[in-house]
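Working through the structure, step by step
Here's the letter readout for the chains.
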Amino acid sequence: MPIFQDESGLAVKFFIQKDIPQEIQAELCETITSLGGRVEGKVPRQGYVLTQPGSPEEERLRLCWISPDRPERHFVPYTYVDACKIAGMLLKQIFVENGGPIKMHIHPSIANVNARAALSQRIMHSGGDPTASPQSARVILADPNTEVFQHLVKSYQGVPDKYIESYLWVKKCVEKGALVYTPLVYKNPGGRRPGEERTQFTEEDEERLCQWIATKIPYKETGGRTGNRLYQQLCEMAVDPEYAWVTRHTWQSWRERYKKNSVRLDNMIAAIVDQKRPAHGEKGQYGYVRQAEEKTRRARKKRTKLVDESLHAEHTDEQITGCIDSNANTTTPIILFAPDQISSEPQASMSGIQARQSPDEEEMGDGEESEGWRIRVGNQSPPPWGKRKADDEGSNEPHAPKKTRVISHNTFAAPATLASGDGQAVAPVHCIDQAIYDIANEFRFTVQEVKEFYDKCGEMDRTRTRFQRMRHLLNSVEDSIGDDAGDL
């Protein structure tokens with residue numbers, strides 16, 4: 001039976017858009033006639049209208065002649081005739097709803113240009129409109145092998161009358177001759193379905209569970225029997241044929257079974273452990289941890305200040321000397337004491353001082369006030385430490401120079417000790433002062449001049465060189481003056 005004849009043997013009617021080129025119209029007429037169809041000069045009530053997609057005439061024909069009252073009038077591209085000839089059958093208009101085409105959108109995830117063109121032609125030959133936007137389309141065709149496909153499914157799963165289909169879906173519908181959407185399969189979020197019986201635990205399940213726990217955590221005091229990881233590892237063993245029994249329950253069920261029956265199951269586990277002692281290195285899920293040895297705390301020794309009461313007695317007639325830096329060849333005298341200069345009062349006072357045992361004894365109490373640190377308040381009399389001694393006020397004699405402790409990182413010069421009339425010793429001159437005196441004496445300048453230049457530059461060698469050059473310059477000037485006077 002020819003392709004373009006219905007079951008009653010009547011010819012299928014076609015109307016060709018008038019502005020299609022005459023060569024194409026002639027070819028279409030010849031093909032339709034050869035396949036048993038008939039070309040009409042007017043739009044038939046029942047049949048096919050061959051149009052050129054995207055042309056203004058096609059839009060006019062659709063607006064004028066599409067009607068829900070004429071569901072058997074179909075608008076197809078003129079290539080529909082060749083498609084039916086290649087398929088060997090009259091292609092059904094399955095992508096039609098309420099007399100109009102179902103709008104579809106071909107997603108960019110289908111990147112192949114030829115595949116997109118072939119898919120678009122197949123949709124139009126079956127009555128659909130593949131030129132719709134994603135918002136207005138009822139069906140969005142995408143590549144299921146891309147990540148964007150699942151994203152589209154999740155994005156539009158709550159939108160009514162919106163379907164995300166694979167590009168292969170069009171071919172399946174054409175082969176079936178009907179519009180069938182891919183059904184939605186709701187995933188079980190967990191738990192038993194209504195009316196489904198729960199898998200009960202058996203004695204064999206409990207025995208196997210105890211065997212597993214005895215292997216992993218043989219001693220309860222180790223801990224971890226109620227943790228999640230122990231039972232998750234049990235269910236991960238389902239791939240092993242020997243552990244196929246673990247699939248009877250979830251890991252949460254295994255854990256709850258032990259947790260609710262821990263007293264009874266612990267006795268069973270202890271019996272298994274007594275029969276089969278675990279080998280070294282297999283003692284539980286986490287293994288044994290060596291107990292840390294207790295470290296004995298060492299008592300810290302408290303530093304005490306020991307007062308040497310015989311310090312002054314032993315060094316009364318001796319010269320106190322010391323080496324400030326690490327130069328062993330340098331002996332640096334610090335202070336010279338005369339025998340009658342040292343008083344016995346410090347010894348008496350030092351003997352009464354006791355060494356403090358801890359820093360807490362140095363702190364004053366809350367209500368304690370130090371006599372030595374009182375201050376003058378208002379018009380009150382000044383504290384004892386602010387009063388000048390009477391002998392100091394009545395004495396007009398100049399005070400003797402105080403003994404100072406001399407510290408230097410350089411070596412001291414040899415002391416120039418001058419004995420006074422009353423037998424007191426004068427402290428030696430500092431090494432820097434002595435060097436300044438030596439430069440002044442050697443090059444015949446005043447000490448004040450040398451000291452001023454040294455204070456500016458801070459270098460003794462530079463000071464010596466300067467004044468050496470100045471003396472040499474002055475000597476040369478004096479010689480030249482003497483020569484000029486001799487010539488006169």
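See the structure above.
Residues numbered from 1 in each chain as written. Predicted model: local features only at pLDDT ≥ 70, side-chain atom pairs only at ≥ 80, totals over all residues. Heavy atoms only, no water.

Now for the overall build of the protein chain. Tallying secondary structure elements over the protein chain gives 16 helices and 11 strands in all. Long-range pairs, those at least 24 residues apart, make up 62% of the contacts in the protein chain between residues at least 6 apart in sequence. For the protein chain, the computed accessible surface area is about 35400 Å², with 50% contributed by carbon and sulfur atoms. (Helix = DSSP H or I, 4+ residues; strand = E, 2+ residues; numbered from the N terminus. Contact = heavy atoms within 4.5 Å. Areas by Shrake-Rupley, 256 points an atom, 1.4 Å probe, with all protein chains shown as cover.)

Let us now look at the packing of aromatic side chains. Counted by the stated rule, this structure contains 12 aromatic pairs. When the ring of Phe 14 is compared with that of Tyr 48, the centres are 5.6 Å apart and the planes differ by 20°; the resulting orientation is stacked. One end of the pair, Phe 14, is in strand β1 (residues 13-16); the other, Tyr 48, is in strand β3 (residues 47-51), and 34 residues separate them in sequence. Residues Phe 14 and Tyr 48 agree in their burial class; the two are buried. (Phe/Tyr/Trp six-rings, centres within 6.5 Å; stacked < 30°, edge-to-face > 60°. Buried < 20%, exposed > 50% of the residue type's maximum accessible area, 1.4 Å probe, protein only.)

Let us look at helix α1 (residues 22-34). Over its 13 residues, α1 extends 18 Å from the first C-alpha to the last, a length consistent with the 18 Å expected when each residue adds 1.5 Å. Gln 25, Leu 28, Thr 31 and Ile 32 are the residues of α1 that are buried. Buried positions in α1, seen along its axis, are confined to an arc of 130° and lie on one side of it. Opposite its buried face, α1 presents the exposed residues Gln 22, Glu 23, Glu 27, Glu 30, Thr 33 and Ser 34, each directed more than 90 degrees away. (Expected span 1.5 Å × (residues − 1). Arc of directions from axis to C-beta.)

Time to look at unusual backbone geometry. In this structure, Asp 161 is a non-glycine residue whose phi angle is positive, near 55°. Secondary-structure assignment places Asp 161 in the loop between α5 (147-156) and β9 (163-166). A relative accessible area of 53% places Asp 161 in the exposed class. One non-glycine residue, Arg 444, lies in the positive phi region at around 60°.

What follows is about the sheet that holds β9. On the basis of which strands lie adjacent, the open sheet formed by 3 strands has the order β7-β8-β9 and parallel pairing. Single-partner strands in this sheet number two, and they are β7 (104-106) and β9. Neighbour-to-neighbour, the strand axes of the sheet open up by a mean angle of 25°, direction not taken into account. Taken together, the 3 bridges between β7 and strand β8 (residues 139-142) define a ladder with parallel strand orientation. Paired with His 105 across the strands is Ile 140, a residue of β8. Strands β7 and β8 of the sheet are contacted by helix α4 (residues 113-125), whose axis makes an angle of about 170° with β7. (Pairing = 2+ DSSP bridges. Axes fitted to C-alpha atoms, helices over the stretch in contact; angles between N-to-C directions.)

Right, let's talk about the pairing of β1 for a bit. Taken together, the 3 bridges between β1 and strand β2 (residues 38-40) define a ladder with parallel strand orientation. Note that in β2 the partner of Phe 15 across the bridge is Glu 40. Once you follow β1 into α1 and on to β2, the crossover reads as right-handed. In this structure, β1 lies alongside β3, joined through 3 bridges in parallel fashion. The residue of β3 that forms the bridge with Phe 15 is Val 49. (Right-handed = clockwise from strand over helix to strand, strands pointing away.)

Turning our eyes to something else, we now look at the sheet that holds β3. If you trace the 4 strands from one edge of the open sheet to the other, you get β2-β1-β3-β4, paired in parallel fashion. With partners counted over all chains shown, the strands left at the sheet margins are β2 and β4 (73-77), one partner each. Going across the sheet, the axis of each strand differs from the next one's by a mean of 35°, ignoring polarity. The sheet contact formed by β3 and β4 spans 5 bridges and is parallel. Among the inter-strand pairings, Gly 47 is bridged to a residue of β4, identified as Arg 73.

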